[in-house]
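The lines below spell out each chain.
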Amino acid sequence: MMRNHTMMQFFEWHVAADGKHWDRLKETAPALKAVGIDSVWVPPVTKAVSADDTGYGVYDLYDLGEYDQKGTVRTKYGTKQALINAISECQKNGIAVYVDLVMNHKAGADEKEVFQVIEVDPNDRMKEISKPFEIEGWTKFTFPGRGNEHSAFKWNHNHFNGTDFDAKEERTGVFRIVGENKAWNQNVDDEFGNYDYLMFANIDYSHPEVKKEMIQWGKWLVDTLHCSGFRLDAIKHINHEFVKEFAVEMFNKCEKDFYIVGEFWNSDLESCRQFLNTVDYKIDLFDVSLHYKLHSASLEGRNYDLTKILDDTLVQTHPTNAVTFVDNHDSQPHEALESWVDDWFKQSAYALILLRRDGYPVVFYGDYYGIEGPTPVAGKKDAIDPLLYTRYHKAYGEQKDYFDHPNTIGWTRLGVEDIEHSGCAVVISNGENGQKRMFVGEHRAGEAWVDFTHNHKATITIEKDGWATFPVNGGSVSVWALPDAEADKKKT
């Protein structure tokens, strides 16, 4: 019997910029596996504009912490060798590693160039607000610290279609680069008229040399790191046809179980469906809609109708392509997409992604270990570990939903024969103390179940017809299951 899979996003925005994060991953790998984590999404591994940059200000895709560039050999997270060591240790422990790829833009160019642009309205990038004029832009990438090792490709303004800074006039704007076959890429998100441009020097995926180079780089990265998959950053800003082409090339190169998940930050389900259609459902997407529902539920408290919390979510409509998450580095406090799920609801939110049948859930490093930086947040390992345990040992089999009260919802998993003592009952309240009468199977008659979260102290005996009434404290979650042999040993 295949056990449930669980991913961890192994970073938050403010992890210490001490060059030791890859070492931390290596040291932590056995403990992650022990709690049921069998894949990790790691931050961008490529050289960025500084040793402190989180990795999204990407400079040199072929420098994994190997060359003295941008004032540093290592990246924020460590050296190339430390990264390779960490991936190897993860794999020894049965943990797959997914690498974060930033393919939308480049930053920190080595030289300026003079070229023609048209300024566009930032709120409608299809609307031109100038005639063509010359700017000095930071668009020439020669990688003096690396030279031609790994790749001889050098970037210039012909490989980009937009930038945001004119060094000649010392001013910012959204500048579309003028030239033969130059335009914003189509097949991108239509916010702001056309959302191809996000930041820095925007990579032009209508340029054949660019497409060839980026696919070669993806293959080089797999050969160099022997990773198990990719997380693609900001794909709503990248030509969706290229995303499909890139994914196909990676799958063709790698074994069948190579995995790709994309960050398509759009809570509109129809847009997600259209994207999945374009890429032939070859990659998974983060369930942004569910994240925002969890966020709203945490803000609204008892006024939120819990019976609707899964409506219009990716996990409900496209369960095999949904990667579910509670929070991440962008939604954490003070970051670009801040939408932090409040503490009181955090454990309930994790129960909703970890203990249900559908979706590939991600535990956020910042939730598990805590957040550093200007406004630190304590980790919730003690609240999440019981859910991880229950996911790995109990949350299997047929799912029965009891989403029949706006403030108290529940579901049961009936278990499978192959996993002893599997099966559980989950109840969530966002209001008063509550209870839910639910079915767990006639074969469970007489069993004494306890709350694995320890939020509720009762012991519930399953009735002879397989039903029981499972309580929950107000504003809380309880996860009821039969203690396994280890739990029994601890009691005696």
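All values reported here derive from a predicted model rather than from experimental measurement.

So, how was this worked out
Residues numbered from 1 in each chain as written. Predicted model: local features only at pLDDT ≥ 70, side-chain atom pairs only at ≥ 80, totals over all residues. Heavy atoms only, no water. Helix = DSSP H or I, 4+ residues; strand = E, 2+ residues; numbered from the N terminus. Buried < 20%, exposed > 50% of the residue type's maximum accessible area, 1.4 Å probe, protein only. Contact = heavy atoms within 4.5 Å. Areas by Shrake-Rupley, 256 points an atom, 1.4 Å probe, with all protein chains shown as cover. Lys, Arg positive; Asp, Glu negative; His and termini not counted. Charge placed at Lys NZ, Arg CZ, Asp CG, Glu CD. 1 Å grid on protein atoms, 1.4 Å probe; cavity = no way out; pocket = protein on both sides within 12 Å on 5 of 7 lines; lining within 4 Å. Points joined across faces, edges and corners; volume = space filled by probe spheres on them. Expected span 1.5 Å × (residues − 1). Arc of directions from axis to C-beta. Polar contact = N/O pair within 3.5 Å; in protein donor to acceptor, adjacent residues only side chain to side chain. Pairing = 2+ DSSP bridges. Phe/Tyr/Trp six-rings, centres within 6.5 Å; stacked < 30°, edge-to-face > 60°. Salt bridge = Lys/Arg side-chain N within 4 Å of Asp/Glu carboxyl O. Axes fitted to C-alpha atoms, helices over the stretch in contact; angles between N-to-C directions.

The secondary structure content of the protein chain amounts to eleven helices and 27 strands. By its C-alpha atoms, the protein chain is 80 × 45 × 45 Å across when sized along the principal axes. Out of the 492 residues in the protein chain, the part that is buried amounts to 59%. Excluding contacts between residues fewer than 6 apart, the proportion of contacts in the protein chain whose partners are at least 24 apart in sequence is 69%. Carbon and sulfur atoms make up 48% of the accessible area of the protein chain, which amounts to about 19,400 Å² in all. Distance from the positive charge centre (53 side chains) to the negative charge centre (78 side chains) of the protein chain: 3 Å.

Positionally, Phe 11 belongs in the loop between strand E1 (7-9) and helix H1 (21-34). Each C-alpha atom, one on Phe 11 and one on Ala 31, is 16 Å from the other, the two residues being 20 residues apart in sequence. Filtering out sequence-adjacent residues up to four positions away, Phe 11 remains in contact with His 21, Trp 41, Val 42, Pro 43, Tyr 56, Tyr 77, Asp 100, His 329, Phe 364 and Tyr 365.

In this model, the largest pocket occupies a volume close to 560 Å³. What lines the largest pocket is a set of 26 residues, and nearest its centre among them are Arg 3, Asn 4, His 5, Tyr 360 and Arg 391. Among the secondary structure elements, those contributing two or more residues to the lining of the largest pocket are strand E5 (96-101), strand E17 (360-364) and helix H10 (381-393).

Before going further, it helps to spend a moment on helix H4 (residues 240-253). With 14 residues, H4 extends 20 Å between its outermost C-alpha atoms, agreeing within 8% with the 20 Å of an ideal straight helix rising 1.5 Å per residue. Along H4, the residues classified as buried are His 240, Phe 242, Val 243, Phe 246, Ala 247 and Met 250. Each buried residue of H4 lies within a common arc of 155° when the element is viewed along its axis, so the set occupies one face. On its buried face, H4 sits against E5, helix H3 (208-225), strand E13 (229-232), strand E14 (259-262) and helix H5 (269-278). Of the residues flanking the start of H4, the one acting as N-cap is Asn 239, its side-chain oxygen 2.8 Å from the backbone nitrogen of Glu 241.

By the bridge criterion, seven bridges tie strand E7 (residues 111-121) to strand E9 (residues 133-140) in an arrangement that is antiparallel. Across the sheet, Gln 116 pairs through a bridge with Glu 134, a residue of E9. Across four bridges, E7 lies against strand E11 (residues 171-177) in antiparallel orientation. Counterpart to Val 117 in the pairing with E11 is Ile 177. For E7 and strand E8 (residues 124-128), the ladder comprises two bridges, and the chain directions are antiparallel. When the bridges of E8 are listed, Val 120 appears paired with Glu 128.

This part takes up the packing of aromatic side chains. Think of a pair of aromatic rings as described by two things: how far the centres are apart, and how the planes are tilted against each other in angle. Scanning the entire structure with this criterion turns up 37 aromatic pairs. Ring plane angle 85° and centroid distance 5.0 Å describe the contact between Phe 192 and Tyr 195, whose orientation is recorded as edge-to-face. On the basis of relative accessibility, which here comes to 27%, the residue Phe 192 falls in the partly exposed class. Assessed through its relative accessible area of 13%, Tyr 195 is described here as buried.

Opposite charge on two side chains makes pairing possible when the charged atoms of those side chains draw close. Tallied over the entire structure, the rule returns 30 salt bridges. Linking Arg 231 and Asp 100 is a salt bridge whose minimum nitrogen-to-oxygen distance equals 3.1 Å. Here Arg 231, found in strand E13, pairs with Asp 100, found in strand E5; they are 131 residues apart in sequence, far enough to count as distant. Each member of the pair, Arg 231 together with Asp 100, is buried. A salt bridge links Asp 233 to Arg 231, with the shortest nitrogen-to-oxygen separation between them at 2.9 Å. On the basis of relative accessible area, Asp 233 is assigned to the buried category, the value being 8%. The exposure class assigned to Arg 231 is buried, which follows from its relative accessible area of 1%.

A separate point is the sheet that holds strand E15 (residues 284-286). One closed barrel accounts for eight strands, arranged E1-E2-E5-E13-E14-E15-E16-E17; its pairing is parallel. Strand-to-strand twist across the sheet, computed as the mean angle between neighbouring axes with direction ignored, equals 25°. Sheet analysis places E15 next to strand E16 (residues 322-325), joined by two bridges and oriented parallel. Paired with Phe 286 across the strands is Val 323, a residue of E16. Its contacts with the sheet put H3 on E5 and E13, and the angle it makes with E5 is roughly 145°.

Functional significance is not addressed by these values, which are geometric in nature.
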